Amino acid sequence: MKIIVIVKEVPDTYGERKLDLETGLADRAASEPVLDEIGERALEVALSHADANEAEVVVMSMAPERAAATIRKGLAMGAASAVQVADPGLAGADLGLTARTLAAAIRKTGFDLVITGNLSTDGSGGVLPAMLAELLDVPNLTALSSVEIAADSVSGGRDSDDGTMRLSAKLPAVISITEALPDARFPNFKGIMAAKKKPFETLAAADLGIDPQDLSVAASIMTAIAEKPPRSAGVKITDEGDGGVKIAEFLVENRLA
Amino acid sequence: MTEERDALIQAVREFADLELAPNAERWDAEKHFPVDTLRLAGQLGLGGESVREDVGGSGLSRLDAVAMFEELAKGDTTIAAYISIHNMVAWMIDTYGDDAQRERWVPGLAAMTDLGSYCLTEPGAGSDAAAITTSARRDGDDYVINGVKQFVSGAGSSAVHLVMARTGEPGSRGISAIVVPDGTPGLGFGRNEEKMGWHAPRGHQRDHAAGRRAEPSGRGRVTTNAGRAVRDRRPSTRDLGYA
């Protein structure tokens, strides 16, 4: 079984995240780049399956060339190979172009199962898994909080405010997972030293038949951009016997009730 | 700095941030020696940093090791110090032990499923290796050790104690390092010493209480002349200027 895990280099979740107001792109120099934690968890799902079963795990990312070191962490954790789509023409790609590019790379690599996080920490789009499934024309199980992988199917649970659901699909399929799944393993020294000997394929958009400037495909356009306003002080309600009423009024006034 | 070295140090930083820093204050307050966390450190590869790879070591350079201890010390200085001491034991057996000693002890030390204690300091001699009075007398294949050690980090949790004892002439050249497995008859532990800000590694305990019993206080097998090894390997938080 071949499992592809989609990973992403993101600005450190605990650092400052900034947009470049000229280009509208994330300012990648503003904080330390890290492997997105949700992608690490997705990789852990794949690796723990591979620990006990025959499975080849591939980490895949669309990212600038300098993200190679971050992607290699996936190899250090235990993935067998990596595929990076690195192309200056893809800078600022919207979700549609990202999905088309990754779907082409997934098809080229071959897969039985694609595992992604439910949404990235930086873009927080959350629709990429569904777009990939649509483009690959395979079933999609989203937001799984538990995963069981069998020889020809994948199943799992999804938690919502109203209850839990059991979902399953025949392979090949695309699944996305939530933070309910376990923390990823640490890459150990042996893994880090083995990582540099593992296959690492770097592809350009043209290798995948993707033209980032293709105007026949719908794409999103950024019309305005602004800095996030600084946080202002909140409203403090002092309870003088009528605190509950005041809070209720506040909620109604701000249409939060 | 190479990308690989960067990745190694990043891995240690993550370990220190997630596993050491959030717990350091509590471990010190509760005098807790975090054996489970040390197992994780072993899985990472921190148990035998400079140990050869055929016995499970990571085969890293001294420079790599110093950079790693810098990261560990940011998380918990005392546990970083213990791990450095444990590494001295693993390295010394790997370097000076015979094949049987290497195969018996080093894989477990490298994985930190076995912990090591380095028994040098004595109540009367401090860490002045040249002045120790603990003696070791040859008895067949073994040595019979008599003496008292103090401030033995990890004592009580360790599978192996590396005991510096005098086997020859006065001064540093007359000292050997002797492998004493846990459970060796006569090996005994005293009270956990009070050491301000240095509680977690149990850097304590009087070891090998001579004279408490009629029987010999410890038997072990000789590993090496210890003087040079101590000079070479006394590492790494000390390199950072703590100690």
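Our structure's up above, just so we're on the same page.
For clarity, every value in this text was computed on a predicted model and none was experimentally measured.

The next thing to look at is the overall build of chain B. If you tally the helices and strands in chain B, you get seven helices and six strands. Secondary structure of chain B in N-to-C order comes out as α-α-α-α-α-α-β-β-β-β-β-β-α. Classification of the 243 residues of chain B by burial places 54% in the buried group. The contacts of chain B with a sequence gap of at least 6 include a subset with a gap of at least 24, amounting to 71%. A total accessible area of about 10,300 Å² is found for chain B, and carbon and sulfur atoms account for 47% of it.

This part covers the interface of chain A and chain B. Between chain A and chain B, the contact holds twelve residues from the first and 21 residues from the second. Buried area between chain A and chain B, both sides added, is near 1,300 Å², and the carbon and sulfur share of it is 61%. Note that glutamate 3 of chain B is salt-bridged to arginine 72 of chain A, the shortest N-O span being 2.5 Å. Inspection of the region where chain A meets chain B yields six residue pairs in polar contact (both at pLDDT 80 or more). At the level of secondary structure, the elements contributing two or more residues to the side of chain A that touches chain B comprise helix H2 (68-77) and helix H5 (189-195) of chain A. Counting residues per element, the side of chain A that touches chain B draws most heavily on H5 of chain A, which supplies four residues. Among the residues forming the side of chain A that touches chain B, the class breakdown is six nonpolar, one polar and five charged.

A separate point is the packing of helix H1 (residues 37-52) of chain A against H2 of chain A. Residue and element names in this part refer to chain A. The interhelical angle for the contact between H1 and H2, taken along N-to-C directions, is 25 degrees, at an axis separation of 11 Å. With respect to each other, H1 and H2 are oriented roughly parallel. Note on packing geometry: the crossing formed by H1 with H2 is right-handed. Touching Glu40, Leu43 and Leu47 of H1 are Lys73, Gly74 and Met77, all from H2. Looking at the contact of H1 with H2 residue by residue, the class counts come to three nonpolar, one polar and two charged.

Thresholds applied
- Residues numbered from 1 in each chain as written.
- Chains lettered and ligands numbered in written order.
- Predicted model: local features only at pLDDT ≥ 70, side-chain atom pairs only at ≥ 80, totals over all residues.
- Heavy atoms only, no water.
- Helix = DSSP H or I, 4+ residues; strand = E, 2+ residues; numbered from the N terminus.
- Buried < 20%, exposed > 50% of the residue type's maximum accessible area, 1.4 Å probe, protein only.
- Contact = heavy atoms within 4.5 Å.
- Areas by Shrake-Rupley, 256 points an atom, 1.4 Å probe, with all protein chains shown as cover.
- Buried area = accessible area lost by both parts, 1.4 Å probe.
- Salt bridge = Lys/Arg side-chain N within 4 Å of Asp/Glu carboxyl O.
- Polar contact = N/O pair within 3.5 Å; in protein donor to acceptor, adjacent residues only side chain to side chain.
- Nonpolar A, V, L, I, M, F, W, Y, C, P; charged D, E, K, R; others polar.
- Axes fitted to C-alpha atoms, helices over the stretch in contact; angles between N-to-C directions.
- Parallel < 35°, antiparallel > 145°, perpendicular 65-115°, else oblique.
- Left-handed = near helix turned anticlockwise from the far one by under 90°.

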